[in-house]
Amino acid sequence: MKQLKQLITTIILFGFTLSTAAQNPGTFKRLIIDDDPPISRIWAKGKGDFNGNGFTDFMIAGEGSVIWYENPAQSGRTEWIRHIAYSGPNIGFEGCAVGDINNNGHLDIVIGGYHTSMVYILENPGYGAGPWKIHPIGGPKTDATYLYDLDGDGKLEIITRASELWSGGVGRDIQIWKLTGKDPFNATSWNRVRANRRDVGTGEHFNIGDVNSNGKMDIINV
Ligand SMILES: [Ca+2]
Ligand SMILES: [Ca+2]
Ligand SMILES: [Ca+2]
Ligand SMILES: [Ca+2]
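Quick caveat, the model's predicted, so the values are computed rather than measured.

Participant: Explain the overall build of the protein here, please?
Facilitator: In terms of helices and strands, the protein carries 0 helices and 17 strands. Among the 222 residues that make up the protein, the fraction classed as buried is 34%. Considering only contacts in the protein between residues 6 or more positions apart, those separated by 24 or more positions represent 41%.

Take a look at the structure:
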């Protein structure tokens, strides 16, 4: 489960000097954290402090596996530690977001399943230690996922969209999932609504941000 690896995915570190920042966006340093990840199609990438030690960790997912890499900064080592959070059938993990879905202080992962047309929540077992439970909450599929407390009630909403026209046209719709029940890991606790009432196109992906700085999150897509 816990396996030392000398690295994988490419992490880009950002650094620049103040004197040149205005003209130069900076230089990047490539750091390999796993040179042999056990997933060939890595469709999802995310970050968060999964073990709650103050240092940002990374995650990848694809095929039937979700993996997080423990930031070694606290230990003073250089090797990132690979943790297999979940491994199962190839459901095509794609489009993830990281957040504390059940407000217990441990970051969970929301992620789509391309082959199953399902959205899943992976439940952090506590400090990221051990296997994570997977909870399906419903469809349609998503390949771009965000988490934000849109209505300010202290609970994260899930925002999803599967943008591929050939996946049945579901990409025309952005879905907002609101937690209305007590157990966020139970599908019946989520009420899904369409964010857009008109056809907004079929372009890939979308993003969220407060475009007009009025304190309310907006959704950007094509
Ligand atoms: Ca950490
Ligand atoms: Ca949690
Ligand atoms: Ca909310
Ligand atoms: Ca706004």
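Participant: Just checking my understanding: could you explain the nonpolar core for this structure?
Facilitator: One broad trend across soluble globular proteins is that nonpolar side chains are buried collectively. Counting 39 residues, the largest nonpolar core has Met-59, Ala-61, Val-66, Ile-109, Val-110, Ile-111 and Leu-122 as its most contacted members. Within the residue set of this core, elements represented by two or more residues are β5 (57–62), β6 (65–70), β7 (81–87), β8 (93–99), β9 (108–113), β10 (118–123), β12 (144–148) and β13 (157–161). Discounting chain neighbours no more than four positions away, the residues touching Val-66 are Met-59, Ala-61, Ala-85, Tyr-86, Phe-93, Ile-109, Ile-111 and Leu-122.

Participant: How should the sheet that holds β13 be read in this particular structure?
Facilitator: Strand pairing in a sheet takes place through backbone hydrogen bonds and is either antiparallel or parallel in direction. Overall, antiparallel pairing links the 4 strands, which are arranged β12-β13-β14-β15 in an open sheet. Strand pairing shows two members of the sheet lacking a second neighbour, β12 and β15 (190–194), which therefore form its edges. Pairwise comparison of adjacent strand axes, ignoring direction, gives a mean angle of 20° for this sheet. Both β13 and strand β14 (residues 175–179) contribute to a ladder of 3 bridges, which runs antiparallel.

Participant: Sorry if this is basic, but what is going on with the pairing of β8 here?
Facilitator: Note on strand geometry: in a regular strand, side chains alternate between the two faces of the sheet. In terms of burial, β8 is a largely internal element, 6 of the 7 residues being buried. Two elements, β8 and β9, share 6 bridges in a ladder whose sense is antiparallel. What sits directly across from Phe-93, in β9, is Gly-113.

Participant: Would you explain the environment of Ile-60 in this entry?
Facilitator: Tracing the backbone through its elements, the reader meets Ile-60 in strand β5. Ile-60 gets classed as buried once you count the C-beta atoms within 10 Å, which come to 24. The spacing of Ile-60 and Gly-46 is 14 residues in sequence and 6.4 Å in space, taken between C-alpha atoms.

Participant: Please explain the sheet that holds β9 as it appears in this structure.
Facilitator: Read from one edge to the other, the open sheet built from 4 strands follows the order β8-β9-β10-β11, with strand pairing classed as antiparallel. Edge positions in the open sheet fall to β8 and β11 (133–138), since each of these has one partner strand only. The mean inter-strand angle of the sheet, taken between neighbouring strand axes irrespective of direction, is 25°.

Participant: It is not clear to me how unusual backbone geometry should be interpreted in this structure. Could you clarify?
Facilitator: Comment: phi is negative for the bulk of residues other than glycine, and the bulk of peptide bonds are trans. Looking along the chain, the bond that leaves Gly-139 and enters Pro-140 is cis, with omega of 5°. Tracing the backbone shows Pro-140 in the loop between β11 and β12. For Ser-117, which is not glycine, the phi dihedral falls at a positive 50°. Its location among the elements puts Ser-117 in the loop between β9 and β10. The partly exposed category is assigned to Ser-117, around which 18 C-beta atoms lie within 10 Å. Located in the positive-phi region is Ser-213, a residue other than glycine, with phi close to 55°. On the secondary structure map, Ser-213 appears in the loop between β16 (206–209) and β17 (218–221).

Participant: How should I be thinking about the environment of Gln-175 in this particular structure?
Facilitator: As for its position among the elements, Gln-175 is in strand β14. Between the C-alpha atom of Gln-175 and that of Arg-194, which follows or precedes it by 19 residues, the distance is 4.7 Å.

Participant: Which parts of the structure should I look at to understand the confidence of the model for the protein?
Facilitator: In the predicted model, the protein carries a mean pLDDT of 86, and the fraction of residues at 70 or more is 83%. With pLDDT under 50 throughout, residues 1–21 is counted as low confidence; its partners more than four residues away or in other chains account for 48 contacts.

Participant: Whenever I open this one, the environment of Tyr-120 confuses me. Can you help?
Facilitator: Following the sequence through the fold, Tyr-120 ends up in strand β10. A residue is classified by how many C-beta atoms lie within 10 Å of it, and Tyr-120, with 22 of them, is buried. As a C-alpha pair, Tyr-120 and Gly-139 span 19 residues in sequence and 9.2 Å in three-dimensional space. Apart from the residues within four sequence positions on either side, Tyr-120 is in contact with Ile-111, Gly-113, Ile-134, His-135, Pro-136 and Ile-137.

Reading the values: the criteria
- Residues numbered from 1 in each chain as written.
- Chains lettered and ligands numbered in written order.
- Predicted model: local features only at pLDDT ≥ 70, side-chain atom pairs only at ≥ 80, totals over all residues.
- Helix = DSSP H or I, 4+ residues; strand = E, 2+ residues; numbered from the N terminus.
- Buried ≥ 20, exposed ≤ 12 C-beta atoms within 10 Å, placed from the backbone.
- Contact = placed C-beta atoms within 7 Å.
- Core = buried A, V, L, I, M, F, W, Y, C linked by C-beta atoms within 7 Å.
- Pairing = 2+ DSSP bridges.
- Axes fitted to C-alpha atoms, helices over the stretch in contact; angles between N-to-C directions.
- pLDDT = per-residue confidence, 0-100.

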